[in-house]
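Observations on chain architecture
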Amino acid sequence: MTTIRNKMEKWFESLARLIYHNRLKTLFIMFVIIAAIVSQLPNLTIDISTEGFMHKSDPARVDYDTFRDQFGRDELIIIAIRSPEVFKGNFLKKLKELHEDISENVPYIEDITSLINARNTRGEKDELIVEDLMDNWPETPEDIAVIKQRTLENQLYKNLLISEDSKVTTIVIRTQTYSSVGTDSDVLDGFEDEAKNLSATNDKLYLTDKENSEVVAAVNKIADKYRSSDFEIYIAGSSAVTHFLKQSMIKDVRRFLLLAFITVGAFLFIMFRRITGVILPLLIVILSLVSTISLMAAFKAPIKLPTQILPSFMLAVSVGYSVHILSMFYHNFRKSRSREEAIVFSMGHSGLAVVMTAATTAGGLFSFSTSEVAPIADVGIFAGTGVLLAMVYTIILLPALLALIPVKIVKNKKDLSEDTTIDRFLAKIGRISTGHPYKILVISTVIIAFSIAGIMKIRFSHDVLKWLPKTNSVRIATEKIDKELRGSVSLEIVLDTGKENGLYDPDILNRMEKTAAYLETLEAGKVFAGKAWSLTTILKETNRALNENQQEFYAIPQNKKLIAQELLLFENSGSDDMEDFTDSHLSKARLMVKVPFVDATAYTKFLETVSDHLQKTYPDVKITVTGMAALMFRTVVNAIASMAKSYIYALIVITILMVILIGRFRIGLLSMVPNLTPIIVTLGIMGWLQIPMNLFTMLVGNIAIGLAVDDTIHFMHNFRRYFEESKNAKLAVMETLHTTGRAMLVTSCVLSIGFFIFMFASMNNLIHFGFLTGLAIILALLADYFIAPALMVVVNRPIKTVN
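Here the structure is a predicted model, which is why all the values come from computation and not from measurement.

Across its full length, the chain carries 26 helices and 12 strands. Oriented by its inertia axes, the alpha-carbon framework of the chain measures out at about 115 × 60 × 50 Å. For the chain, with 803 residues in total, the buried portion stands at 60%. Long-range contacts, defined here as pairs at least 24 residues apart, represent 80% of the contacts in the chain between residues at least 6 apart. When the accessible surface of the chain is split by element, carbon and sulfur atoms take 58% of a total near 33,000 Å². Averaging the locations of the 83 positively and 83 negatively charged side chains of the chain gives two centres separated by 16 Å.

In structure tokens form, the structure reads like this:
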């Protein structure tokens, strides 16, 4: 293996000479390739939707898309208005103005409902009248009293349009199911790229993330004009939450990049004391990042919540590779005064190690590529690809730039790579780790055992609302609406009888009515059904209206022909509300259930109970449970399964790579100890601090182990070189720390800073992710400084000779 390694190092030296003598050709070829990749960048899209967490082929996603095609979009914007007196003339007038303002000035609205135009079904002699509640505007207190009575007596309005205490009313907005892209030339501005994607795939394009944001932004702008102390407005619903998540993401990414570039740039300047030492690594970062994002655009992978970590991640990783090459280059250049020899030396010394570290980091990330959670799979695929691109740019582009850009020899000016203070610090670490190896290993074992106890306390979570700060307006609004109107998101149940006019059967309608009544009493922990309604509500209203508006007739007729007649009468009344609850063949029925926006893991017991009830109640009917609540729960199920699988894959892949790259089976296996220890300790801290395992924190383990391996490879790679020369493990450790140890310190600082910056995020999940990943990188450095040397000393004990 030593011969093979030496040959590979010689190959990197030859490559460096080739690049040096063909630097202009190299730069031209590289920039042509990069330009071709970056040309795809304008096609990049954003998708923050709940269904975006699933692959298009996921059965839950397929069911949801089928549901949307039939019944329309279930994501709502709920505007709740609180007032001491809802049923007062001034309030109702202001409510009407707000309703009309939204209806006229907010784009992409499919339907808007409030007390102003709520369905009011009544009979007048032999005529069925389906009208708006306030078709005849109430002018007098007596008129308002009639409206109030009708509102409070209507079961459909309760917890949908009016709260139980009558102090909160709502305007419910349902947006268009499909995007306007390609349907109206006036609204194509800004959507040309999405239109291209649509025509290329011939798929129906659902309302885009950009269109959804336009709707929510317009609603907020209008609402601001009407807010007052006696007209408090709260805007919630999954569409609003999605919009605010997107806004937070965009703001955070901008902040991260700015802070990261400033911090890392300052750190590089302090380290190298040269402008080129700052510009060149950051150039590699920018090219790697832009290329990675462009590949996402080329493969039609939109930016989603988890993929927002890519910029800071790519910054940290790319800088780390450049630092290893540049530190060796400047060190040799100062001594040899030959640019060519310095480039050759740095590539021969660190080129193989950079490739090895990139391979293991990418291997850890690619383990996510099989995830059932779509954005997590995207992180694995494109972050892994980005790492390999950063490696290629570092190995090929960086030497070419060093060969072309003027680099002065700085005299009497030491950079961090020659800092004697760091030398003394590393020497002390070396003496401790090699002088007390057994103590270090025992202490490490105790820490690992304590961490495993903490891991047992980790809980899974997918609480999107809690990602937002407590002061966020949409979080406040959603929590308030969940409390006062009993729910802000939907659980959708589709019952397919498989027969045309199957819903004329009184038996199936009776069962639907019993299900709705049962669900409204159901409560499991934080989850409850605030309201459940279906086609039976329309039928009961119609039956009552046709029987002189007598309340005792608010029931389902038990005659098939009568049901058919009444539904036909309702359909001919001019209302299109039946389309929301059944198909044109009356074979499918939609049962809408309003539930609170809570942690998706809390839905487990509730959904199990609902599923059991449906299976028992409808053995002869095909049942589909979908909607926002079901999708959020499915995301958690997918995440848990994917995390276990990806962690196992990462462990296997990285272990195999370590064995192959280090060249010895036993040393390769032992090298996994300092790699796994920081992950176990980080997860333990996560458990003890009660930080939940969510779609972001689940990335910590794989990303951290991929990055932790980098330093271990550099340590083991150089330890073997020095040990083969001296046959003395302690001496080899000291030499390794004095050479590679400096670069390990710098790259670990840069990497940890790149992730600690996430702690400045506005979303809690990103704060936790940044803290845990940055901590894992620091722990990985400590493991390589103490545990790895201790293991090498114990394993490579000098053989005592017998006289």
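Let us look at the sheet that holds strand 10 (residues 531-533). Within the open sheet, the 4 strands sit side by side as 10-11-7-12. Their pairing is antiparallel. Each edge of the sheet is formed by a strand with only one pairing partner; in this case those strands are strand 10 and strand 12 (622-626). On average, adjacent strands in this sheet sit at an angle of 15° to one another, irrespective of strand direction. Taken together, the 8 bridges between strand 7 (residues 489-496) and strand 11 (residues 588-595) define a ladder with antiparallel strand orientation. Within the sheet, the bridge partner assigned to Ile 493 lies in strand 11 and is Leu 591.

Turning next to the packing of helix 17 (residues 506-519) against helix 20 (residues 603-617). Two elements in contact, helix 17 and helix 20, have axes separated by 11 Å at closest approach and are oriented at 160°. Regarding the angle of helix 17 to helix 20, the classification is roughly antiparallel. Here helix 17 and helix 20 pass one another in a crossing that is right-handed. Facing helix 17, whose interface residues are Arg 511, Thr 515, Tyr 518 and Leu 519, helix 20 presents Thr 609, Val 610, His 613, Leu 614 and Thr 617. Broken down by class, the residue content of the contact of helix 17 with helix 20 amounts to 4 nonpolar, 4 polar and 1 charged.

It is worth spelling out a nonpolar patch on the surface at this point. A cluster of nonpolar residues, Ile 648, Tyr 649, Ile 652, Ile 656 and Ile 660, forms a patch on the protein surface that exposes about 480 Å² of accessible area. Position of Tyr 649 relative to the elements: it lies in helix 21 (residues 628-662).

Now for the layout of surface pockets. Roughly 1,100 Å³ of volume is contained in the second largest pocket. The set of elements that each furnish at least two residues to the lining of the second largest pocket consists of helix 3 (59-71), strand 1 (76-82), strand 2 (109-113), strand 4 (127-132), strand 5 (168-175), strand 7 and strand 11. Among the residues making up the lining of the second largest pocket, the classes are represented as 19 nonpolar, 11 polar and 17 charged.

For the rest of this paragraph, the subject is the environment of Ala 453. Structurally, Ala 453 is set in helix 14 (residues 437-455). When the C-alpha atoms of Ala 453 and Leu 441 are compared, they prove to be 19 Å apart, with 12 residues separating the residues in sequence.

The 4 strands are arranged 2-5-1-6 in an open sheet whose pairing can be described as antiparallel. The open sheet has two edge strands with one neighbour each: strand 2 and strand 6 (232-236). Sheet twist, expressed as the mean angle between neighbouring strand axes with direction ignored, is 15°. Where strand 1 lies against strand 6, 5 bridges are found, and the strand directions are antiparallel. If you follow Ile 81 over to strand 6, its bridge partner there is Ile 233. Against the sheet, helix 16 (residues 473-484) contacts strand 1, strand 5 and strand 6, and its axis sits at roughly 95° relative to strand 6.

Here we take up the side chain of Arg 544. Among the structural elements, Arg 544 can be located in helix 18 (residues 535-545). No salt bridge is formed by the buried Arg 544; its nearest oppositely charged neighbour, Glu 541, is found at 5.3 Å. With near-sequence residues (within four places) excluded, Arg 544 lies in contact with Asn 549, Gln 550, Gln 551, Phe 553 and Tyr 554.

Under the defined criterion, the tally for this structure stands at 16 aromatic pairs. For the ring pair Trp 11 and Phe 12, a centre distance of 5.2 Å and an interplane angle of 85° mean the geometry is edge-to-face. Of the residues examined, Phe 12 reaches a relative accessible area of 6% and is grouped as buried. Each residue in the set Phe 272, Phe 329, Tyr 330 and Phe 333 is aromatic and connected to the rest through ring pairs, giving one cluster.

Another aspect to go through is the pattern of salt bridges. Within the structure shown, the criterion is met by 27 salt bridges. In this structure, Glu 340 and Arg 17 form a salt bridge, with 3.0 Å as the shortest nitrogen-oxygen distance. Taken together, the residues Glu 340 in helix 11 (residues 339-366) and Arg 17 in helix 1 (residues 2-21) connect sequence positions 323 residues apart. With its nearest N and O atoms 2.3 Å apart, the salt bridge here joins Arg 227 to Asp 224. Residue Asp 224 is classed as exposed on the basis of its relative accessible area, which comes to 51%. Each of Glu 51, Arg 61, Asp 65 and Arg 68 takes part in one network of salt bridges that share partners.

Further remarks concern empty space enclosed by the protein. As enumerated under the stated definition, the model contains 9 cavities of 30 Å³ or more in all. The volume enclosed by the largest cavity comes to roughly 100 Å³. In terms of lining residues, the largest cavity is bounded by 14 residues, among which Thr 50, Thr 242, Leu 245, Val 464 and Phe 597 are the most central. Contributions of two or more residues to the lining of the largest cavity are made by helix 8 (238-272) and helix 21. Here the element with the most residues in the lining of the largest cavity is helix 8; it accounts for 4 residues. For the lining of the largest cavity, a count of residues per class yields 10 nonpolar, 4 polar and no charged. The residue inventory of the lining of the second largest cavity, partitioned by class, reads 5 nonpolar, 5 polar and 2 charged.

Another aspect to go through is unusual backbone geometry. In this model, Asn 549 sits at a positive phi of 60°, which is unusual for a non-glycine residue. For Asn 549, the location among the structural elements is in the loop between helix 18 and helix 19 (560-571). Assessed through its relative accessible area of 36%, Asn 549 is described here as partly exposed. The backbone of Gln 690 shows a phi angle near 60°, a positive value even though the residue is not glycine. Structurally, the position occupied by Gln 690 is in the loop between helix 23 (672-688) and helix 24 (698-726).

With that settled, the discussion passes to the side chain of Asp 599. Looking at where Asp 599 falls in the secondary structure, it is placed in the loop between strand 11 and helix 20. A residue is classified by how much of its surface remains accessible, and Asp 599, at 8% relative accessible area, is buried. Engagement of the side chain of Asp 599 in a polar contact is seen with the backbone nitrogen of His 462, the distance being 3.0 Å. Once you skip the residues sitting within four places of it in the chain, Asp 599 turns out to touch Arg 459, Phe 460, Ser 461, His 462 and Asp 463.

What counts and what doesn't
- Residues numbered from 1 in each chain as written.
- Predicted model: local features only at pLDDT ≥ 70, side-chain atom pairs only at ≥ 80, totals over all residues.
- Heavy atoms only, no water.
- Helix = DSSP H or I, 4+ residues; strand = E, 2+ residues; numbered from the N terminus.
- Buried < 20%, exposed > 50% of the residue type's maximum accessible area, 1.4 Å probe, protein only.
- Contact = heavy atoms within 4.5 Å.
- Areas by Shrake-Rupley, 256 points an atom, 1.4 Å probe, with all protein chains shown as cover.
- Lys, Arg positive; Asp, Glu negative; His and termini not counted.
- Charge placed at Lys NZ, Arg CZ, Asp CG, Glu CD.
- Pairing = 2+ DSSP bridges.
- Axes fitted to C-alpha atoms, helices over the stretch in contact; angles between N-to-C directions.
- Parallel < 35°, antiparallel > 145°, perpendicular 65-115°, else oblique.
- Left-handed = near helix turned anticlockwise from the far one by under 90°.
- Nonpolar A, V, L, I, M, F, W, Y, C, P; charged D, E, K, R; others polar.
- Patch = residues over 30% accessible without salt bridge, like charges linked within 9 Å, V, L, I, M, F, W, Y side chains within 5 Å.
- Salt bridge = Lys/Arg side-chain N within 4 Å of Asp/Glu carboxyl O.
- 1 Å grid on protein atoms, 1.4 Å probe; cavity = no way out; pocket = protein on both sides within 12 Å on 5 of 7 lines; lining within 4 Å.
- Points joined across faces, edges and corners; volume = space filled by probe spheres on them.
- Phe/Tyr/Trp six-rings, centres within 6.5 Å; stacked < 30°, edge-to-face > 60°.
- Polar contact = N/O pair within 3.5 Å; in protein donor to acceptor, adjacent residues only side chain to side chain.

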